[in-house]
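Spelled out from the first residue to the last, the chains are:
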Amino acid sequence: MSERLITSADVPALLAGAEFFSTSAAGEGIDFAGVWLGDILDHAGPVRLVAAGDLDPGTVCAAVGAMGSTTAMAELPPSGDEPAVLASALAGRCGPLGAVLPLNAASVNALFPVAAAALLELPLIDCDGMGRVFPLIHQTTFELAGLPLAPMAAVSAGFDALLLETGSARAERLARVVAQSAGGWLLCALYPTRVGRLAGAAIPGSVSRVLEVGRVLLAHAPGRPAGAGPVTLAGGRWQGDAAVAPHERLLAGLAAVTGASVLGGGRLVEVGPSVRQAAALFPGNPVGLAVHDHDSGRLIRIEAHNELILALSDGSLAAAVPDLVCLLDRGTLRMTGPGRLTAGDQVDVLVVPAAPLWHTIPGLALGGPGAFGFPLRHPKEAAG
């Protein structure tokens, strides 16, 4: 048994980790969800976080996640009754839910499934279907494994409810229209299945990883004593070394728990709308950033469209989706994104490898640069 409990004391780490895995751009403005979740856990009690293997393989489960605008969620927050609507809608088609899991353990969607588990008094399975943020609800490893997205239940903050029975791409289009008309967001339960079918279809340990990364970030928050965090790297090179800058200590800690590498860091010299035209299917507007790397003099250009999608170093593709491109603000030691940045800010560019499922040919087709309209081969494809 690998069961553990998530309590309100875990919410700060969950929030910080959720921001990290949002690939910088999609994690902005999610603090409201932390307050909301903490209150739920205080009143409903802790959530059991379990591995899929701890449950009966026949247990009915579904992924939970929100789609739409985070700003709209903050302005029109959930009441807490939404998960019951979803569970009731799916029960008529799939049977009573016995567990829930995150659609993607990142951004606000790392918190909503925990709230759903607490309110429904169900265990939360320690896995997800993205390991990061993708803009479309069917850009998942569940999809790669052939699990059907439907039936999909959705509910708005105004308790408009629907049950969609259609294909994945069409569900995305229909639900997004409803979200825009119903207040800007929907809470969804999708990919209903049996726990035994999650093997090879879900990314295991996603929630634990979010918590672990969040604790590293909190341990290095400004005001904490040097070396107070759990950071060690290759023999503890950074820990206890007062000559090392705080952001370097944090980078070492993040590398140790995520396998991240640092592409470069320095002054942000450009941030603004991208000249690139984006496909109408994707929400949000393209944004471009440029970072002047202090050590090498290289110029790192980053393309964002909700999330940070790819990075070019002096014109050569250095990193791209599905791997995570993240920005660390050296001043605040917090993950950041285009909406928080202005020219002159000092940042570091991190690249976190995606789950191996995303580096397969079908994975790169669904979540690689080409899926976002970039006529580029992922670095792993080019190397192959």
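What this report covers is the structure whose coordinates are included nearby. Just so you know, these numbers come straight off a predicted model, no measurement behind them.

What about the overall build of the chain?
Then comes step 1: Across its full length, the chain holds eleven helices and 18 strands.
Then comes step 2: Taking all 384 residues of the chain together, 55% fall into the buried category.
Then comes step 3: Here the contacts in the chain between residues at least 6 apart in sequence split such that 73% fall between residues at least 24 apart.
Then comes step 4: Total accessible area on the chain stands at roughly 14,800 Å², and carbon and sulfur atoms take up 55% of it.

What about the pairing of strand 2 (residues 47-50)?
Then comes step 1: Two elements, strand 1 (residues 4-6) and strand 2, share three bridges in a ladder whose sense is antiparallel. Within strand 2, the residue paired with Ile 6 across the bridge is Val 47.
Then comes step 2: Here two bridges tie strand 2 to strand 5 (residues 124-125), and the two strands are oriented parallel to one another. Across the sheet, Val 50 pairs through a bridge with Ile 125, a residue of strand 5.

Description of the pairing of strand 16 (residues 324-329)
Then comes step 1: Within strand 16, six of the six residues are buried, leaving the element largely enclosed by the surrounding structure.
Then comes step 2: Because side chains alternate across strand 16, one face comprises the buried residues Leu 324, Cys 326 and Leu 328, and the other comprises Val 325, Leu 327 and Asp 329, equally buried.
Then comes step 3: Pairing geometry for strand 16 and strand 18 (residues 346-352), over six bridges, is antiparallel. Bridge pairing in strand 18 places Leu 327 opposite Val 349.
Then comes step 4: Where strand 16 meets strand 17 (residues 334-336), three bridges bridge the pair, whose relative direction is antiparallel. When the sheet's bridge partners are listed, Leu 327 is paired in strand 17 with Thr 336.
Then comes step 5: The hairpin turn running from strand 16 into strand 17, its antiparallel successor, is four residues long, and Leu 333 in that turn takes a positive phi close to 55°.

Concerning the packing of aromatic side chains
Then comes step 1: Evaluation of the coordinates by the stated rule reveals six aromatic pairs.
Then comes step 2: Seen in terms of ring centroids, Phe 20 and Phe 21 are 5.0 Å apart; in terms of plane orientation they differ by 80°. Their pairing is edge-to-face.
Then comes step 3: Given a relative accessible area of 0%, Phe 20 falls into the buried group.
Then comes step 4: Between the aromatic rings of Phe 134 and Phe 372, the centroid separation amounts to 6.4 Å while the plane-to-plane angle is 25°, which identifies the pairing as stacked. Placement of Phe 134 in the loop between strand 6 (127-128) and helix 6 (141-144) and of Phe 372 in the loop between helix 10 (361-367) and helix 11 (379-383) is noted, with a sequence separation of 238 residues between them. Grouping residues by exposure puts Phe 134 and Phe 372 together as buried.
Then comes step 5: Here the aromatic residues Trp 36, Phe 112 and Trp 185 are joined through ring pairs into a cluster of three or more.
Then comes step 6: A cation over an aromatic ring shows up here: Arg 132 above the ring of Phe 134, its NZ or CZ 4.6 Å from the ring centre.

Parameters at a glance
- Residues numbered from 1 in each chain as written.
- Predicted model: local features only at pLDDT ≥ 70, side-chain atom pairs only at ≥ 80, totals over all residues.
- Heavy atoms only, no water.
- Helix = DSSP H or I, 4+ residues; strand = E, 2+ residues; numbered from the N terminus.
- Buried < 20%, exposed > 50% of the residue type's maximum accessible area, 1.4 Å probe, protein only.
- Contact = heavy atoms within 4.5 Å.
- Areas by Shrake-Rupley, 256 points an atom, 1.4 Å probe, with all protein chains shown as cover.
- Pairing = 2+ DSSP bridges.
- Phe/Tyr/Trp six-rings, centres within 6.5 Å; stacked < 30°, edge-to-face > 60°.
- Lys NZ or Arg CZ within 6 Å of the ring centre and 35° of its normal.

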